[in-house]
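Inside the fold
Each chain is listed here by its residues.
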Amino acid sequence: LPESVPHILANLAAIGVQPHEVKLLLNSHAHVDHAGGLAELQRSTGARLMASPASAALLGRGGLGDAQYGDDLTYPAVRADAQLRDGQVLRLGRIELTAHFTPGHTPGSTSWSWREIEDGRALDLVYADSLSAPGYRLLGNAAHPDIVADYRASFARLRALPCAVLLTPHPDFFGFADKRRAAEAGETAAFARAPACGDYVQGAATRFEAQLKAQGGP
């Protein structure tokens, strides 16, 4: 959200990062709680914003015409400096991030994967976008006619990714609080519990199929 930007910048300063040192802004999906502050962040940092084509279009409209919410959840419009390709690898210093289009929650939803080395061990990390469908119309939605196929394809795609550590847009989706407590208690692999992505995807898929059936879907 726009009002969160000063807090974000303060947190960056606390770890020694100045606004002008931020080079890229990446977006998971173009809902107000994940995109509302991007215009101000873009102005404050001068960083390049990159988004999937569908997200770039919705970001440019400030959330107007959302596939589920229409014009109800708007925010300051922001222009993407470049549109991502599915599977594109972004390199910044030693980090290589791979974009995975995982439509469903929004048509432009994007997940990310990368690899880190910790204590000589390679860890595959996945930032999986939201897989929920809160109150969504799943059948006969002209604004997102392929929504059912999109969700199912995204479930399959995320299941197939190597995933030792899972991150999600909302911390409760991957049990952040419990994992943090375990880490503080000395569990060195608290955030690398298997099957990290599998449990997240299976839970989302089960809820989605139940919601679809309740709406009269196959």
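This is a predicted model, so every value here is computed, not measured.

Parameters and conventions
- Residues numbered from 1 in each chain as written.
- Predicted model: local features only at pLDDT ≥ 70, side-chain atom pairs only at ≥ 80, totals over all residues.
- Heavy atoms only, no water.
- 1 Å grid on protein atoms, 1.4 Å probe; cavity = no way out; pocket = protein on both sides within 12 Å on 5 of 7 lines; lining within 4 Å.
- Points joined across faces, edges and corners; volume = space filled by probe spheres on them.
- Nonpolar A, V, L, I, M, F, W, Y, C, P; charged D, E, K, R; others polar.
- Helix = DSSP H or I, 4+ residues; strand = E, 2+ residues; numbered from the N terminus.
- Buried < 20%, exposed > 50% of the residue type's maximum accessible area, 1.4 Å probe, protein only.
- Contact = heavy atoms within 4.5 Å.
- Phe/Tyr/Trp six-rings, centres within 6.5 Å; stacked < 30°, edge-to-face > 60°.
- Arc of directions from axis to C-beta.
- Polar contact = N/O pair within 3.5 Å; in protein donor to acceptor, adjacent residues only side chain to side chain.
- Pairing = 2+ DSSP bridges.
- Axes fitted to C-alpha atoms, helices over the stretch in contact; angles between N-to-C directions.

1. Describing empty space enclosed by the protein
- Counted by the stated rule, this structure contains one cavity of 30 Å³ or more.
- Residue lining of the largest cavity: A30, H31, V32, L58, G63, D66, Y69 and L73, and that is the complete set.
- Tallied by class, the residues present in the lining of the largest cavity amount to five nonpolar, two polar and one charged.

2. Comments concerning the side chain of S55
- Looking at the secondary structure, you find S55 in helix 4 (residues 53-60).
- Residue classification places S55 among the buried positions, given a relative accessible area of 2%.
- Discounting chain neighbours no more than four positions away, the residues touching S55 are N27, H29, A30, G108 and S109.

3. Let's talk about the packing of aromatic side chains
- Taken as a whole and judged by the stated rule, the model has five aromatic pairs.
- An aromatic cluster is built from Y151, F155 and F208, whose rings are joined through pairwise contacts.

4. Re helix 3 (residues 38-45)
- Those residues of helix 3 not exposed but buried are L38, A39, L41, Q42 and T45. The buried residues of helix 3 occupy an angular sector of 165° when projected down its axis, which confines them to one face.
- Following helix 3 by one or two positions, G46 adopts a phi angle in the positive range, close to 75°.

5. Side note on the side chain of Q42
- Examined against the element boundaries, Q42 turns out to sit in helix 3.
- Engagement of the side chain of Q42 in a polar contact is seen with the backbone oxygen of R79, the distance being 2.9 Å.
- In contact with Q42, other than residues within four places in its own chain, are L25, A47, L49, V78, R79 and D81.

6. Section: the sheet that holds strand 2 (residues 48-51)
- Strand order across the open sheet formed by three strands is 1-2-3, with parallel pairing between neighbours. Each having just a single partner strand, strand 1 (24-26) and strand 3 (82-83) make up the two edges of the open sheet.
- Relative to strand 2, strand 1 runs parallel, the two being bridged by three bridges. Paired with L25 across the two strands is L49, which belongs to strand 2.
- Here helix 3 sits on the sheet in contact with strand 1 and strand 2, set at roughly 170° to strand 1.

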